[in-house]
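Residue strings, one per chain:
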Amino acid sequence: MQDLLRRYGAGLTTIICLLVFFWLAILVVIPNITLFESSFRPYLPVTEVGGPKDVYSFDNYLKVFGGEVEVSPLGFTFLIPVHVLTFFLTMWYSVVVTVLCFAIAYPMAYYMSKIANPRSVPTLVLLIFVPLWVSEVLRAFAWWIILAFKGPLNSLLLALGLIEAPVRWITDYDAVVIGLIYTYVLFMLFPVYNAISSLDTNQIEAAEDLGAPWWKIHWRIVLPHAKPGVASGSVMVFMLSAGSLLVPSILGSTTSQWFTQTINQWFNDALDWNTASAYAFLLLFLCTVFVALAMWAFKVKLSDIAK
Amino acid sequence: MSAGIDLENVCCDFGSFRAVDHANVSIQPGEFFSFLGPSGCGKTTILRMISGFIDPTQGSIRIGGKDMRGQRPNQRPTALIFQNLALFPLMPIWENISFGLEVRGVGKAERRAKAEELLKLVDLPGAADKMVSQLSGGQKQRVAIARALAVEPQVMLLDEPLSALDLKLRQHMRAELRAIQKRTGVTFIYITHDQGEALAMSDRVGVMSHGRIQQIANPRDIYNNPVNGFVASFVGENNIFTGDVGATADGIAAFSTPHGTFRARLGEKATGKGVKLYVRPEHTLISPAQPAENAIHGRVEEVSFEGNFIAIHAVTDSGMKMTAELRNDGSSAIPEVGAQVWMGFDATRAAILPDAETKG
């Protein structure tokens, strides 16, 4: 604060502080508190708001347990509430997206930081960034076109003779996963790239000199060093995937449902903001718990990620 | 087990820059061999070629008689100690040391035992479970040596491993390294720009400049009988006269300079005009009386007391700066600043030498 005052003077400092306060309070804290508060109240006609029926309860949260469907994964058949199922599928496919993002980003990050000529790295980064200049909506639609049954991907694969009949890409969660990977892979790439860049190349050479094969070098030297980067990348990709609405809406199929779509339906179709808020907070809370558990399981500390 | 190393016409180019130029050297099994030279002379490149991180552009490298072309670093019987040691900070000390055994599929208990044994060898018992960050510079040094020894290399390659240590520790580690080398009998190849280090530890030294090995000899010969001006200047101080070689008899030549005509040993390939005469300061005599040969008259400009010796900086009547070193043992009188003195040198203790070789 002293530093800020000395550097910018009283006037500018006040403006900066007010702007930060406005941002935090008006745009973040108050809307969230409002939604949080309303998530405990029933959805009532306007005339009854504030009336005897307007009391706090967990009813909105408990709605996820309504309406069971029958599922039979791996041959076990059981009944599960449809929104709980949606939640678990969202979690599961977000994990799949995270793992695949890592599988794609790690070799790229290693190549960029340790193998590629340092002078060509800015060009590589630019090439990776260029697609981001296009709006996310357009990119999702682009994938929708690419993956279409009679789209360019199938034509290409048919022309190359790699497939004999067109593949239905936009089915179940397949296209959603592809779209989410494309959208969020950079959130994995850059933390991992930074982490690997900070590894002393001599350590890789020392391991090789001591006789380690390439996979051992990665398993024992590079990956442990890159773990904080992988962790923060994974948290970001997972959270963003689980919270994405656009990609599942555009690339989803008739059999896919993302939990955010359910929330969106409460908000926009049912116009029940109370239940929608409850669902939104449920997603936030459970994702946080899940991430915390994953961090505990992989022995990642919060300070590692904040680096 | 130790192996000899033969470098035959080894060259290494980086683009149009020739880092190593026709290196030929035969290192004996169990020898302590140092490559000495200023930074950029190609010594680290030689080391990296022996360890397999760089391939020679031409020529061949043999370790224990076997050609190493195409062998990756993890297939060679060498162990490299990096300048910054490159210990693995995320592993405890014993895992660091036994990493080479881990990749060879040795069981955990055996690895642990071997690590403890090596820690004893490098005089660091009880450090097995510490982390790298808990050790001091000298201790890290020992761990790096133990880690390299764990894979039982036939050749140890050391890339200026002492350069990060302070003076006292450096001197201590010199003796330690030498002792470990004697105890294990492994061939040591040591890279350094510190002539004191190279001379003190090595069986033989290869002095390098501009990618070429200028001289290979034992430390005594390197210092006393340098083959050229570069070696003479790099491994010690000199008073240097430029002049022309005259009549020669029994290896002693007359040498005429603007400061007088001297007699000195004539080095190989030193002929003609504009060559240089090198006299070490400790071989430069200084006295009030005129010496019998190679006498130069001058005036004392500065006397600096260095502890074990006293350096006397004088300027000759012809205007050249000269330095003489006197031992601080009371055997010679120390002249005062401003005193008129005679300087001189023994003809056999001074050498007329050619410049360094730089082209093939």
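Residues numbered from 1 in each chain as written. Chains lettered and ligands numbered in written order. Predicted model: local features only at pLDDT ≥ 70, side-chain atom pairs only at ≥ 80, totals over all residues.

Within an unreviewed UniProt entry, the label attached to chain B reads ABC transporter ATP-binding protein, and the organism entered is Paragemmobacter amnigenus.

Under an unreviewed UniProt entry, the name given to chain A is ABC transporter permease, and the source organism is Paragemmobacter amnigenus. Per its UniProt entry, chain A bears the Subcellular location (unreviewed entry) comment "Cell membrane". Quoted verbatim from the Sequence similarities (unreviewed entry) heading of the UniProt record, the comment on chain A is "Belongs to the binding-protein-dependent transport system permease family. CysTW subfamily." (UniProt positions renumbered as here; feature names shortened; annotations may be inferred.)

Asker: Whenever I open this one, the nonpolar core confuses me. Can you help?
Answerer: Counting 148 residues, the largest nonpolar core has V192 of chain A together with I81, L157, I189 and I352 of chain B as the members making the most contacts within it. The element that contributes the greatest number of residues to this core is helix α7 (residues 174-197) of chain A, accounting for 17 residues. Both domains that furnish three or more residues to this core are identified here as domain 1 (5-229) and domain 2 (237-353) of chain B. Core analysis: the next-biggest nonpolar cluster, separate from the first, contains 10 residues, V300, I312, M322 and A324 of chain B among them. (Core = buried A, V, L, I, M, F, W, Y, C linked by C-beta atoms within 7 Å. Buried ≥ 20, exposed ≤ 12 C-beta atoms within 10 Å, placed from the backbone. Helix = DSSP H or I, 4+ residues; strand = E, 2+ residues; numbered from the N terminus. Domains from an automatic or database assignment.)

Asker: Honestly, the domain arrangement of chain B in this entry has me stumped. Any pointers?
Answerer: Interface size is often expressed as the accessible area that is lost when the parts come together. All names here are of chain B. As assigned here, chain B comprises domain 1 (5-229) and domain 2 (237-353). The C-alpha-based centres of domain 1 and domain 2 are spaced at 39 Å. If you look at the interface, domain 1 gives 4 residues, while domain 2 gives 5 residues. When its residues are assigned to classes, the side of domain 1 that touches domain 2 shows 2 nonpolar, 2 polar and no charged. (Contact = placed C-beta atoms within 7 Å. Nonpolar A, V, L, I, M, F, W, Y, C, P; charged D, E, K, R; others polar.)

Asker: It is not clear to me how the confidence of the model for chain A should be interpreted in this structure. Could you clarify?
Answerer: Any residue range with low pLDDT should be treated as having predicted coordinates unsuitable for detailed reading. Here chain A averages 91 in pLDDT, and 99% of its residues register 70 or above. Helix α3 (residues 82-115) of chain A holds the highest mean pLDDT among the elements of chain A, 95, whereas helix α13 (residues 302-306) of chain A holds the lowest, 75. (pLDDT = per-residue confidence, 0-100.)

Asker: Got a minute to help me understand the UniProt feature "domain: ABC transmembrane type-1" (unreviewed entry) in chain A in this structure?
Answerer: In the numbering used here, UniProt assigns the feature "domain: ABC transmembrane type-1" (unreviewed entry) to residues 87-294 of chain A. As a span, residues 87-294 of chain A carries 76% helix and 0% strand, and end to end its C-alpha atoms are 17 Å apart.

Asker: Teacher, can you tell me more about the pairing of strand β15 (residues 284-287) of chain B here?
Answerer: Along a regular strand, successive side chains alternate from one face of the sheet to the other. Residue and element names in this part refer to chain B. Here β15 shows a clear split, with T284 and I286 buried on one side and none of L285 and S287 buried on the other. As paired strands, β15 and strand β19 (residues 340-345) are joined by 4 bridges and run antiparallel to one another. Its bridge partner being in β19, S287 is matched across the sheet by W342. (Pairing = 2+ DSSP bridges.)

Asker: Looking at this structure, I do not really get the sheet that holds strand β4 (residues 58-63) of chain B. What am I missing?
Answerer: Sheet strands line up and pair through hydrogen bonds in the backbone, either parallel or antiparallel. Residues and elements named next belong to chain B. With antiparallel pairing, the 4 strands of this open sheet are ordered in space as β2-β1-β4-β5. Pairing within the sheet leaves two strands with one partner each, and these edge strands are β2 (17-27) and β5 (66-67). Pairing of strand β1 (residues 5-14) with β2 involves 7 bridges; the strand directions are antiparallel. Counted as the bridge partner of D6 is S26 from β2.

Asker: Can you walk me through the packing of helix α8 (residues 201-209) of chain A against helix α9 (residues 214-242) of chain A in this structure?
Answerer: The description of two packed helices rests on the angle between their axes and on the distance between the axes. All names here are of chain A. Between α8 and α9, whose axes approach to 10 Å, the crossing angle comes to 145°. The handedness of the crossing between α8 and α9 is right-handed. Between α8 and α9, the contacting residues are Q203, I204, A207 and E208 on the first element and I217, R220, I221 and V222 on the second. Its residues assigned to classes, the contact of α8 with α9 comprises 5 nonpolar, 1 polar and 2 charged. (Axes fitted to C-alpha atoms, helices over the stretch in contact; angles between N-to-C directions. Left-handed = near helix turned anticlockwise from the far one by under 90°.)

Asker: Looking at this structure, how should I read the UniProt feature "transmembrane region" (unreviewed entry) in chain A?
Answerer: All names here are of chain A. Mapped onto this structure's residue numbering, the UniProt feature "transmembrane region" (unreviewed entry) falls at residues 12-36, 78-106, 175-193 and 276-298. A helix fraction of 100% and a strand fraction of 0% characterise residues 12-36, whose end C-alpha atoms lie 34 Å from each other. Between the end C-alpha atoms of residues 276-298 the distance is 33 Å, and the span holds 96% helix and 0% strand.

Asker: I tried to follow α7 of chain A on my own but got confused; where do I start?
Answerer: Residue and element names in this part refer to chain A. Here α7 spans 33 Å end to end across 24 residues, near enough to the 34 Å set by a 1.5 Å rise per residue. At Y184, α7 is deflected by roughly 45°, the largest bend along its length. For α7, the buried fraction is high: 20 of the 24 residues fall into the buried class. (Expected span 1.5 Å × (residues − 1). Bend = angle between axes of the 7 residues up to and from the residue.)

Asker: What is the right way to read the interface of chain A and chain B from this model?
Answerer: Listed by partner, the interface residues are 16 residues for chain A and 16 residues for chain B. Secondary structure elements with two or more residues in the side of chain A that touches chain B: α8 and α9 of chain A. If one sorts the elements of the side of chain A that touches chain B by residue count, α8 of chain A sits on top with 7 residues. Of the residues contributing to the side of chain A that touches chain B, the split by class is 7 nonpolar, 4 polar and 5 charged.

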